[in-house]
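Structural overview
Each chain is listed here by its residues.
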Amino acid sequence: MLKMTIFTGARALTGDDMAAEELDRYWMTVVNTIRDGIMIVNTSGAIVSVNQAFEAITGFRREELIGKPCDILGCDVCLQKRETAGHHWCGLFETGQMSTCRCTIRGKGGNLIHAIRNGSLLQDNNGNVIGAVGTITDVTELIEKNDQLEAFRRELQSRDGFHGIIGVSPAMRQVFDLMENAAQSDAPVIIFGESGTGKELISRAIHDIGARREQPFVKVNCASLTESLLESELFGHVRGAYTGAYKDRVGRFEKANGGDIFLDEIGDLPLSTQVKLLRVLEEKVIERVGASTPIPADVRIISATNRDLLQLVDKGAFRKDFYFRINVIPIHLPPLKNRREDIPLLAESFFRSILLKTGKPIEGVDNEAMEALMAYSWPGNVRELKSAFEYAFVTCRGGVIQPHHLPSTIYSGKRRPGPATRSPLNLKEIEKQELLDALEQCGGNQSRAAEVLGVSRVTVWNRMKRHGINSTCKIEVA
């Protein structure tokens, strides 16, 4: 009632309620400090008052809104409205509530505004409805950035990668072929690779393109749990199986039934757990800890490790029979230092995604900085490259990323560049050169160039416009 008193000018306070009267005096200041837009309407749906944030979000001035019906905003999720006895009603007055939801409204200039809205009825002391209050939170910028990131992700997938994994090097092309073949099989897959090479991404992609893609994909880090907790995590337990087991628990294998389970750092599995997993692979059943009843487990195992499992076998730390059972389809991920031709593509991907997230006025990467990236040995692999760009976006305030914006471990003097099939160009130059090569290969035909690049013809046209490529390229319209 206090809010309605302020916005409508009604008097609901008594002379004895001095504390409330003091609050009443400053309430407008409080409301105008809130970043969310606030709008109050009467029972006819006419706008009674708005706060300053509402004006800023919609572009309407207070005077332009007061007395106007609330549908001036054109909200796309308002409930069915009807006219009754000359009054303009909305669904909120009929249902008495409005759940928090996403919507779009129209600003003064006709611009589309993405918002989170909420609403509630206002009642007097006798319980009579006297109006309603609604709030909106502007999320337009967030929605637009997410849309841009999604579009960029699709473009990268189609152009220089495979289901979100970027690479054009021969080593990665071989990995992509193995992934595609593995996805069509139910046989166990094991991914070998150094830390930071993207083993989890590979496992997820295999699931997403396989026959089990509609079923669960469950991940377990075998190195993060003790032996007893790991078995309970994998197979579940029954009540009373051990101290603290107060109720039955479903394990990860049961949750993954029909789908894939990803066992990361499988080289850290205890020998006792390896024995139990061997039975799962051979008999397709599991037993919860503390129980003897077998439970069917139709699960394909995808595992990963950065360790030499054969060396562990020789030391007796890894069972030989288990090794051969999980090593049916091995995929070896190359370290980044062995696929340097992919560094410019990965750099472009990280640069653009971080640019969209931060909105900083950074235009590209300096040639010398790119040379430093190409020359570095990357012991942390792709993960370290991404971290380097996150660091650079913190240290670079605008313009282009230069060598001194990179971590000191990457740029600390002159280095001899490693072998690469791509020159360390500026990111924009890389895109332009690829476009020119495709157009030349296709005799200037935009449609065929789009097929070569794996993008739409509209994207080709936009890139031509962005890079100033015109009719001198002898472009034909298909």
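Refer to the structure above for everything that follows.
Residues numbered from 1 in each chain as written. Predicted model: local features only at pLDDT ≥ 70, side-chain atom pairs only at ≥ 80, totals over all residues. Heavy atoms only, no water.

1. Focus on the overall build of the protein
- Each helix and strand in the protein was counted, giving 19 helices and 20 strands.
- Taking the intrachain contacts of the protein between residues at least 6 apart in sequence as the baseline, contacts between residues at least 24 apart amount to 64%.
- Split by element, the accessible area of the protein, about 24,700 Å² in all, is 50% carbon and sulfur. (Helix = DSSP H or I, 4+ residues; strand = E, 2+ residues; numbered from the N terminus. Contact = heavy atoms within 4.5 Å. Areas by Shrake-Rupley, 256 points an atom, 1.4 Å probe, with all protein chains shown as cover.)

2. A look at the sheet that holds strand E18 (residues 329-332)
- If you trace the five strands from one edge of the open sheet to the other, you get E11-E14-E17-E10-E18, paired in parallel fashion. Because the sheet does not close on itself, it has two edges, and the strands there are strand E11 (217-221) and E18. Strand-to-strand twist of the sheet, defined as the mean angle between neighbouring strand axes without regard to direction, takes the value 20°.
- For strand E10 (residues 189-192) and E18, the ladder comprises four bridges, and the chain directions are parallel. In the sheet register, Phe-192 faces E18, and the bridge partner there is His-332. (Pairing = 2+ DSSP bridges. Axes fitted to C-alpha atoms, helices over the stretch in contact; angles between N-to-C directions.)

3. Details of the packing of helix H9 (residues 227-235) against helix H11 (residues 271-283)
- Remark: H9 packs on H11, axes separated minimally by 10 Å, with the N-to-C direction vectors making an angle of 15°. One element, H9, and the other, H11, form an angle in the roughly parallel class. Note on packing geometry: the crossing formed by H9 with H11 is right-handed. On H11, the residues that touch Glu-227, Leu-230, Glu-231, Leu-234 and Phe-235 of H9 are Ser-272, Thr-273, Lys-276, Leu-277 and Val-280.
- For the contact of H9 with H11, the residue count by class is five nonpolar, two polar and three charged. (Parallel < 35°, antiparallel > 145°, perpendicular 65-115°, else oblique. Left-handed = near helix turned anticlockwise from the far one by under 90°. Nonpolar A, V, L, I, M, F, W, Y, C, P; charged D, E, K, R; others polar.)

4. Re H11
- Here H11 contains 13 residues, and its C-alpha end-to-end distance of 19 Å stays within 8% of the 18 Å for a straight helix at 1.5 Å per residue.
- Every buried residue of H11 is listed here: Thr-273, Gln-274, Leu-277, Leu-278, Val-280 and Leu-281. One face of H11 carries all of its buried residues, which in axial projection span an arc of 160°.
- Residues of H11 that are buried make contact with H9, helix H10 (252-255), strand E14 (260-264), strand E15 (285-286), strand E17 (300-305) and helix H13 (320-326). (Expected span 1.5 Å × (residues − 1). Buried < 20%, exposed > 50% of the residue type's maximum accessible area, 1.4 Å probe, protein only. Arc of directions from axis to C-beta.)

5. Quick word on a nonpolar patch on the surface
- Together, Leu-225, Leu-229 and Tyr-242 make up a nonpolar patch on the protein surface, roughly 230 Å² of accessible area in all.
- Within the secondary structure layout, Leu-229 lies in helix H9.
- Its relative accessible area of 43% is what places Leu-229 among the partly exposed residues. (Patch = residues over 30% accessible without salt bridge, like charges linked within 9 Å, V, L, I, M, F, W, Y side chains within 5 Å. Salt bridge = Lys/Arg side-chain N within 4 Å of Asp/Glu carboxyl O.)

6. A few points about the environment of Leu-201
- Mapping Leu-201 onto the fold places it in helix H8 (residues 199-209).
- Along the chain, Leu-201 and His-163 lie 38 residues apart, while their C-alpha atoms are 9.2 Å from each other.

7. Let's talk about the side chain of His-405
- Inspection of the secondary structure assignment puts His-405 in the loop between strand E20 (399-401) and helix H17 (427-441).
- Given the relative accessible area of 11%, His-405 is considered buried.

8. Description of the nonpolar core
- Among the nonpolar cores identified, the biggest contains 29 residues, and Phe-253, Ile-261, Leu-263, Leu-309, Phe-318, Phe-322 and Ile-326 are the most heavily contacted of them.
- Those elements giving two or more residues to this core turn out to be E10, E11, H9, E14, H11, helix H12 (309-314) and H13.
- Sorting elements by how many residues they give to this core places H11 first, with four residues.
- When near neighbours in sequence (up to four residues on either side) are disregarded, Phe-318 contacts Ile-266, Gly-267, Leu-271, Gln-274, Leu-309, Leu-312, Val-313, Tyr-323 and Ile-326.
- Phe-350, Phe-351, Val-365 and Val-382 belong to the second-largest nonpolar core, a separate cluster that totals 28 residues. (Core = buried A, V, L, I, M, F, W, Y, C linked by side-chain atoms within 4.5 Å.)

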